[in-house]
Amino acid sequence: MKPARLLLLLSGCALLLAPAVRGCGPGRVVGSRRRPPRKLIPLAYKQFSPNVPEKTLGASGRYEGKIARNSERFKELTPNYNPDIIFKDEENTGADRLMTQRCKDRLNSLAISVMNQWPGVKLRVTEGWDEDGHHSEESLHYEGRAVDITTSDRDRNKYGMLARLAVEAGFDWVYYESKAHIHCSVKSEHSAAAKTGGCFPGRALATLEDGARTPLWALRPGQRVLAMDGAGRPTYSDFLAFLDKEPRALTSFHVIETREPPRRLALTPTHLLFVAENASAPTTRFRPTFASHVRPGHFVLVAVGGGGLQPAEVVGVRDRRDVGAYAPLTRHGTLVVDGVVASCFALVQEQHLAQLAFWPLRLYHSLVGWPGAQGDGVHWYSGLLYRLGRLLLPPDSFHPLGVPRAES
């Protein structure tokens, strides 16, 4: 490893491990003392987690259509032959073993948790992919994105805890649906929330220092783009790198629309932008807020002629799909995209903590200059910070859509 990169890595670790670095909520502090294991609370009968409908962006996302054996999408399904899982397979076709890779990964993780929780007991799948139309219309079972599960001993007293273990294993929606089973589902393999942390569409526009507007995909390290400084003033900030770069990813975005002046910003649900409850708040009082939490009636900051920033009321929020997802990082940790001020960060609702954690990367670019062309995927340093954050911060520090990803 090059000395500059090693210095950067060690500096980042030191920042994240240092005492008195605050987490994302009141009273949570990353310190030197190890936290006691978190007590798991079983789900109650008919409870679901997260507490939103299954086929919404905050859970497993919308239904994308039934998969048949002779369809092009059948190749999206993969068989699960994990010996630690019992498949009921009452149709004797192997259908219950077929599922998306994301569902398979979560199910295999859950199988380990079940054996650890109840030695001698295995995970049991009663329903997986459904090709026979036995479920309700638009059921995610038809896409291999849902499973119904029990324990191998069929002890119903265990099912509340089984549901909790499924939540911990990373299923995107878990429902204590019946006294006889737990229903679990995952996001589509195409879902933006399943594949990216926080990004903008590649064709979204940034404003350069000379006033020209350029699509995000075309940004080059060293270019200066319109951003906001720590005092809430407009400034031009060096573009350093992409924290994530997925040119071909089919991505689901939240679209935030404003009036007076009219603006339209698309960004992933876990991304941060600056929001206030009323138009009279000074720019320094606009708080970093997940895009998925923005509602009509909130106010965001927009760039206006003459280089100023002013509040604009949100009048609409909707979902949209687009190809390409880019997460630019600037020296100030902010960026004006399509005329709206946004953060460069996502997943954790703490702008100052994120800006501090990326200080070593900014130092790295100051020391070694601008690297060559950046490859696709998650930036190695961003991936490192996320993995450390998952170890050091409480799980509820992260947006519910925050999922572990490997560095590309």
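Refer to the preceding data block for the structure.
Rules used throughout
- Residues numbered from 1 in each chain as written.
- Predicted model: local features only at pLDDT ≥ 70, side-chain atom pairs only at ≥ 80, totals over all residues.
- Heavy atoms only, no water.
- Helix = DSSP H or I, 4+ residues; strand = E, 2+ residues; numbered from the N terminus.
- Buried < 20%, exposed > 50% of the residue type's maximum accessible area, 1.4 Å probe, protein only.
- Contact = heavy atoms within 4.5 Å.
- Phe/Tyr/Trp six-rings, centres within 6.5 Å; stacked < 30°, edge-to-face > 60°.
- Lys NZ or Arg CZ within 6 Å of the ring centre and 35° of its normal.
- Polar contact = N/O pair within 3.5 Å; in protein donor to acceptor, adjacent residues only side chain to side chain.
- Core = buried A, V, L, I, M, F, W, Y, C linked by side-chain atoms within 4.5 Å.
- Pairing = 2+ DSSP bridges.
- Salt bridge = Lys/Arg side-chain N within 4 Å of Asp/Glu carboxyl O.

Considerations on the overall build of the protein chain
1) Next: The helix and strand tally for the protein chain stands at seven helices and 22 strands.
2) Next: Taken across its 408 residues, the protein chain has 53% of its residues classed as buried.
3) Next: Look at the contacts in the protein chain between residues 6 or more apart in sequence, and 65% of them connect residues 24 or more apart.

Things to note about the packing of aromatic side chains
1) Next: As enumerated under the stated definition, the model contains ten aromatic pairs in all.
2) Next: An angle of 85° between the planes, with centres 5.5 Å apart, marks the rings of Tyr-45 and Tyr-176 as edge-to-face. On the criterion of sequence distance, the pair formed by Tyr-45 in the loop between β2 (29-30) and β3 (48-49) and Tyr-176 in strand β9 (residues 173-178) is long-range, its members being 131 residues apart.
3) Next: Residue classification places Tyr-176 among the buried positions, given a relative accessible area of 8%.
4) Next: Centre to centre, the rings of Phe-48 and Tyr-175 are 5.7 Å apart; their planes meet at 80°, and the pair counts as edge-to-face. Residue Phe-48 is found in strand β3, and its partner Tyr-175 is found in strand β9; the two are separated by 127 residues along the sequence.
5) Next: The ring of Tyr-142 is capped by Lys-66, whose NZ or CZ atom sits 5.0 Å from the centre of that ring.
6) Next: Looking at Lys-179, its charged tip hangs above the ring of Tyr-45, at a distance of 4.2 Å from the centre.

Remarks on the side chain of Glu-143
1) Next: Secondary-structure assignment places Glu-143 in the loop between β7 (123-127) and β8 (146-151).
2) Next: Reaching out from Glu-143, the side chain makes a polar contact with the side chain of Arg-145 at a distance of 3.3 Å.

Thoughts on the nonpolar core
1) Next: The biggest cluster of nonpolar side chains holds 45 residues, and the ones touching the most others in it are Phe-200, Leu-216, Leu-273, Leu-329, Phe-345 and Phe-358.
2) Next: Sorting elements by how many residues they give to this core places strand β19 (residues 308-330) first, with six residues.
3) Next: Ranked by size, the runner-up nonpolar core spans 28 residues in total, among them Ala-111, Leu-123, Tyr-159 and Ala-169.

With respect to helix α3 (residues 159-168)
1) Next: Judged by how many residues are buried, α3 sits mostly within the fold: eight of ten residues are covered.
2) Next: Tyr-159, Gly-160, Met-161, Leu-162, Ala-163, Arg-164, Leu-165 and Ala-166 are the residues of α3 that are buried.
3) Next: On the buried face of α3, the contacting elements are α2 (101-117), β7, β8, β9 and β10 (181-185).
4) Next: Gly-170 occupies a position one or two residues after α3 and carries a positive phi of about 105°.

Some details on the pairing of β10
1) Next: Along β10, five of the five residues are buried, which leaves the element largely enclosed by surrounding structure.
2) Next: As defined by bridge partners, β8 adjoins β10 across four bridges and the pair is classed as antiparallel. Bridging across to β10, Asp-148 finds its partner in His-183.
3) Next: As paired elements, β9 and β10 share four bridges and run antiparallel to each other. Bridge pairing links Tyr-175 to His-183 in β10.
4) Next: The turn linking β9 back onto β10 is made up of two residues.

Looking at the pattern of salt bridges
1) Next: Going through the model one piece at a time under the given rule, you end up with 17 salt bridges.
2) Next: Notably, a salt bridge pairs Lys-158 with Asp-153, separated by 2.7 Å at the nearest N-O pair.
3) Next: For Arg-224, the salt bridge identified is with Asp-238, shortest N-O distance 3.4 Å. Separated by 14 residues along the polypeptide, Arg-224 in strand β13 (residues 224-228) and Asp-238 in strand β14 (residues 234-259) bring together distant segments of the chain.
4) Next: Among the residues examined, Arg-224 registers a relative accessible area of 32% and is labelled partly exposed.

Section: helix α6 (residues 359-368)
1) Next: Residues of α6 that are buried: Pro-360, Leu-361, Arg-362, Tyr-364 and His-365.
2) Next: Gly-369 lies just past α6 and shows a positive phi near 80°.

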